Structures are given as C-alpha cells and as structure tokens.
Amino acid sequence: MTFRLFGNSGSYKHYQDDGVDFEYENGQYNLYQVTVTTDGEASVTLTNNGFAPVYKYIYLELPNKKLTFEYDEKK
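Rules of the game
- Residues numbered from 1 in each chain as written.
- Predicted model: local features only at pLDDT ≥ 70, side-chain atom pairs only at ≥ 80, totals over all residues.
- Heavy atoms only, no water.
- Phe/Tyr/Trp six-rings, centres within 6.5 Å; stacked < 30°, edge-to-face > 60°.
- Helix = DSSP H or I, 4+ residues; strand = E, 2+ residues; numbered from the N terminus.
- Buried < 20%, exposed > 50% of the residue type's maximum accessible area, 1.4 Å probe, protein only.
- Pairing = 2+ DSSP bridges.
- Axes fitted to C-alpha atoms, helices over the stretch in contact; angles between N-to-C directions.

Asker: Just checking my understanding: could you explain the packing of aromatic side chains for this structure?
Answerer: Note on aromatic pairs: each is described by the distance of the centres and the angle between the planes. Taken as a whole, this structure holds six aromatic pairs when the rule is applied. When the ring of Tyr32 is compared with that of Tyr71, the centres are 6.1 Å apart and the planes differ by 80 degrees; the resulting orientation is edge-to-face. Remark: Tyr71 occurs in the segment after strand E6 (66-70) and Tyr32 occurs in strand E3 (residues 30-36); sequence separation between them is 39 residues. Here Tyr32 falls in the buried class, since its relative accessible area comes to 0%. What makes Tyr71 buried here is its relative accessible area of 14%. Members of the aromatic cluster, each reached through a chain of ring pairs, are Tyr32, Tyr55 and Tyr71.

Asker: Hey, could you run me through the sheet that holds strand E4 (residues 42-49) in this one?
Answerer: The strands making up a sheet are joined through hydrogen bonds of the backbone, oriented either antiparallel or parallel. Strand order in the open sheet formed by three strands is E2-E3-E4, and the pairing between neighbours is antiparallel. Looking along the sheet, the strands with just one partner apiece sit at the ends: strand E2 (10-16) and E4. Shown here is a sheet whose adjacent strand axes are inclined to one another by a mean of 15 degrees, direction ignored. Strand direction decides the pairing type here: E2 and E3, joined by seven bridges, are antiparallel.

Here's what the structure looks like:
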C-alpha cells in the first residue's frame, strides 16, 4: 500500500476489512493512522489489528523522500 502526500503535512485514517461479511462489527478490521507533521515527521500506526493479513509494507511518499513501514503479519 502506498500513500502519497501532496503538500507539507496531513493525516489520514485507512480502513481495511475483507469486504465480504459483517465481521467488522466484531472488530475484525484494521485501521491505520497516517500522519505527517509540518516538520516532516511521519508515522503510520496500526490502531486496530483485527483482520489478517495486515499490509506487509506501507510506503509513504513525501515530496522529498520515500519511507517504508513494515508490519508483522501475525495478529
């Protein structure tokens, strides 16, 4: 999964589930918080890990650099 930032800062919540059933109601979903501050600090935090698999790699493309975040596939 790749997120691109156009500008100096921003935040985004990305939701992931299986798209098939209603198990998200039981917490079976992943929620990622993507944040880039005005001073260039960047983070991708998995705030809810209820669905397997998680993205193995998340790429964050900023105007001046590309960052890679790696996640363990285990719940």
